[in-house]
Amino acid sequence: MLTRQLPSDALEQHECIYNSAKDGASWQVFVSSVLNRGATLLILKTREGHILGGYADAPWLPVTDWYGDTANALFRCGRFSRSQETLPTNAWRATTANDHYQYLCWGKKSLPNGLAMGGQFGYCGLWLDQDFLHGHSKAGPLCTTYQSPALVSPEEFMLEEAEVWLVRPRPPGEDEDEAVGGGMFSRAENMEFMEMAGKKMYSKDLPNQPVQKTEEKSSE
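Presented here is a report on the structure given in the accompanying data block. (Residues numbered from 1 in each chain as written. Predicted model: local features only at pLDDT ≥ 70, side-chain atom pairs only at ≥ 80, totals over all residues. Heavy atoms only, no water.)

### Describing the nonpolar core
Taken as a class, soluble globular proteins show a tendency for nonpolar side chains to be buried jointly. Grouped together as the largest cluster of nonpolar side chains are 36 residues, with contacts concentrated most on F30 and L44. Breaking this core down by element, the ones donating at least two residues are β1 (15–19), α2 (27–34), β2 (38–46), β3 (50–56), β7 (114–120), β8 (123–129) and β10 (156–169). Looking at which element gives the most residues to this core, the answer is β10, with five residues. (Core = buried A, V, L, I, M, F, W, Y, C linked by side-chain atoms within 4.5 Å. Buried < 20%, exposed > 50% of the residue type's maximum accessible area, 1.4 Å probe, protein only. Helix = DSSP H or I, 4+ residues; strand = E, 2+ residues; numbered from the N terminus.)

### Some points on the pattern of salt bridges
Counting across every chain of the model gives three salt bridges. Salt-bridge contacts for E156 lead to K138; the nearest nitrogen and oxygen are separated by 3.0 Å. Placement of the pair is E156 in strand β10 and K138 in the loop between β9 (134–136) and β10, with a sequence separation of 18 residues. (Salt bridge = Lys/Arg side-chain N within 4 Å of Asp/Glu carboxyl O.)

### What to know about the environment of P171
Tracing the sequence through the fold places P171 in the loop between β10 and α3 (176–180). Looking at P171, the relative accessible area reads 46%, which means it is partly exposed. Sequence-wise, P171 and R37 are 134 residues apart; in three dimensions their C-alpha atoms are separated by 9.3 Å.

Here is the structure:
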């Protein structure tokens, strides 16, 4: 079911790059593991037994705005244990209704801090808070971006486990602006986010190289 929603070049290689049970249930470890890696499959298990998640075709980057493309998808895989009700397994590809395909931000007082796919802030198709405990999947009745219903019932959930699989590594030499289709954040802001995620950016401490000017001889 889910493989039919993924691009053909995202089916050849699968590598688990984050597992909360093995790597620790920590937002910092989570974002440090997934930042700028490539196309990924996010799988969440809630305390009520829901299995849900999303496929992000673009690398996860802290761009403080929505980005991505229509190759993204949301999915749910029913409901296991602790419940008598089972929701149908299904997947929903992104539409062109808006460009709210994916979002990642943390440590900002004036912005929502967490991971989102679809909908709008406070009413996302999939939302995982930076406390790495609370999340939601809301639709009224469908998420505009993915045309998906609420992936869980009730719409608010508590996270029990999380996994992220790398299904297509980021092409060598591709910079952040190319990955998100344009420069939506400054290099300084990007470095700040990376260091907050536990990635030391040594290049920022290097002095700027002086620009050498070449004097041209005036022609007589």
